[in-house]
Amino acid sequence: MSNIISLKNVRKDFKEKSALKNVSFQVEEGEIFGFLGPSGAGKTTSIKLMTAQLIPSSGEVKVFEKEVYKNKRFIFQNVGILSDNSGIYERLSVWDNLVLFANIYDVPSKNVEEILDKVDLGKDLKMQAGKLSKGMKQRLMIARAVLHKPRLLFLDEPTSSLDPGTSLEIHKLLRKLNQDGTTIFLTTHNMEEADKLCDRVAFLNDGEIVEMGNPRDLKLKYTTDEINVVLRDSKESIVLKNSTETGSKIKTWMEQGKLLSIHSMEPNLENIFLNLTGREL
Ligand SMILES: Nc1ncnc2c1ncn2[C@@H]1O[C@H](COP(=O)(O)OP(=O)(O)O)[C@@H](O)[C@H]1O
Ligand SMILES: [Mg+2]
């Protein structure tokens, strides 16, 4: 598999602030890759660098193995972008919104029908966009971002303003797009979202990547050798070292029917981030 995105030693300085310092990572075709970090970490700046909206101060930003800022047109034609300033025309219908953009992007109008089906808005095409629910609106914006069937889709905090149920609806759609072959790069400060959705994540803090990997691997890497046990009589949780001694204790409790719950102290991505940076998301 080839790298669809590759950043090497990328730095982006604004007048008073260095938004990215020496950032390097690669994304393989077919992945859902998540950029995680608190507000101000440099997530949006990174997306802008990868979508030819900003030029790096130094380092190399390649998408489809091409230097992004030297291939603006090519990049615009071949990636999809959903950012928080992507708008829709509230007074136009779902259908007219998409046809309008199909015309602008010179996309055949048969794509519109196909995409509407994919985002499950086929029945709502006559509805005025302003009257859609938040989830439907977001699906319409995603439809717009993929009208030209890009191989690579960038989403900047696609669920940050949505409630949990609506977020799940968007996750489902993103998985479907991914299964149909779209590589997805998304930013989020929602660790649970990243954990469920992403093949790999990178933790971004203050313009630097502090950790990167598959969510499950990361949780195993940072797991502690502690076991949490709750007994029937006390109902308080007891933390024990993972040892042979603990093993025989647990065995006895089990035999006596005292064991209410037992689990290993696997951290979640939130804990890992906090441990690495001292910051919450
Ligand atoms: N155009 C700009 N001019 C000056 N500073 C900027 C500009 N864009 C972003 N920044 C600064 O760069 C840092 C990273 O911003 P951003 O990439 O938007 O973070 P995030 O998307 O992770 O919240 C922030 O400190 C922000 O204030
Ligand atoms: Mg941002």
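Residues numbered from 1 in each chain as written. Chains lettered and ligands numbered in written order. Predicted model: local features only at pLDDT ≥ 70, side-chain atom pairs only at ≥ 80, totals over all residues.

Describing the overall build of the protein chain
Convention followed: Helical segments are the DSSP runs of H or I of at least four residues, strand segments are the runs of E of at least two, and each set is numbered from the N terminus. Residues are called buried when their C-beta atom has 20 or more other C-beta atoms within 10 Å, exposed when it has 12 or fewer, and partly exposed otherwise; all C-beta atoms are positioned from the backbone. Contact between two residues is assigned when their C-beta atoms, built from the backbone, lie within 7 Å.
Scanning the protein chain from terminus to terminus reveals 10 helices and 13 strands. Each principal axis of the C-alpha atoms in the protein chain carries an extent, and together these give about 70 × 50 × 35 Å. When burial is assessed residue by residue, the protein chain has 32% of its 281 residues classed as buried. Sequence-distant contacts, at least 24 apart, represent 67% of the contacts inside the protein chain between residues at least 6 apart.

Structural notes on the domain arrangement of the protein chain
Keep this limit in mind: Where each domain begins and ends is defined by an automated method or by a domain database.
Its domain assignment divides the protein chain into domain 1 (3-214) and domain 2 (224-265). For domain 1 and domain 2, the distance between their C-alpha centroids amounts to 44 Å.

Remarks on the site of ligand 1
Selection rule: By convention here, the C-beta atom is placed from the backbone, and a residue is near a molecule or strand when that atom is within 6 Å of it. Here the nonpolar group is Ala, Val, Leu, Ile, Met, Phe, Trp, Tyr, Cys and Pro; Asp, Glu, Lys and Arg are the charged ones; every other residue, Gly included, is treated as polar.
Lining the immediate surroundings of ligand 1 are Phe14, Lys17, Ala19, Gly37, Ser39, Gly40, Ala41, Gly42, Lys43, Thr44 and Thr45. In terms of residues, the shell around ligand 1 owes the most to one element, helix α1 (residues 43-50), which gives three residues. When its residues are assigned to classes, the shell around ligand 1 shows three nonpolar, six polar and two charged.

Here's the deal with the sheet that holds strand β5 (residues 66-67)
Just so we agree on the cut-off: Strands were regarded as paired on the criterion that DSSP finds at least two bridges between them.
Across the sheet, four strands lie side by side as β2-β1-β4-β5; this open sheet has antiparallel pairing. A single partner strand is all that each edge strand has here, and the edge strands are β2 (18-28) and β5. Note: strand β4 (residues 58-63) against β5, two bridges, orientation antiparallel. Bridging from a neighbouring strand, lysine 62 pairs with glutamate 67 of β5.

Observations concerning the sheet that holds strand β13 (residues 259-264)
The following threshold applies: Note on definitions: angles span 0 to 180 degrees between N-to-C directions of axes, and those axes are lines fitted to C-alpha atoms, for helices only across the stretch in contact.
Read from one edge to the other, the open sheet built from three strands follows the order β12-β11-β13, with strand pairing classed as antiparallel. With one partner strand each, in any of the chains shown, β12 (237-241) and β13 form the two edges of the open sheet. Taking the axes of each pair of neighbouring strands and ignoring which way they run, one obtains an average angle of 25° across the sheet. Bridge count between strand β11 (residues 226-231) and β13: five bridges; the pairing is antiparallel. Bridging across to β13, leucine 231 finds its partner in leucine 259. Where helix α9 (residues 244-255) meets the sheet, it contacts β11, β12 and β13, and its direction lies at approximately 150° from that of β13.

Looking at the packing of helix α3 (residues 94-104) against helix α4 (residues 110-118)
The following threshold applies: Angles are sorted into four bins: roughly parallel if under 35 degrees, roughly antiparallel if over 145, roughly perpendicular if 65 to 115, and oblique for all others. Handedness of each helix crossing follows the sense of rotation of the near helix against the far helix: counterclockwise by less than a right angle gives left-handed, clockwise gives right-handed.
In contact at an axis separation of 9 Å, α3 and α4 are set at 135° when each is read in the N-to-C sense. Accordingly, the angle class assigned to the pair α3 and α4 is oblique. Considering only the axes of α3 and α4, their crossing is right-handed. Contact residues: α3 offers Leu98, Val99 and Ala102, while α4 offers Asn111, Val112, Ile115 and Leu116. Tallied by class, the residues present in the contact of α3 with α4 amount to six nonpolar, one polar and no charged.

Notes on unusual backbone geometry
Of note in this structure, aspartate 120 is not a glycine but carries a positive phi near 65°. Positionally, aspartate 120 belongs in the loop between α4 and α5 (134-145). Unusually for a residue other than glycine, aspartate 206 sits at a positive phi of about 50°. For aspartate 206, the position within the fold is in the loop between β9 (200-205) and β10 (208-213).

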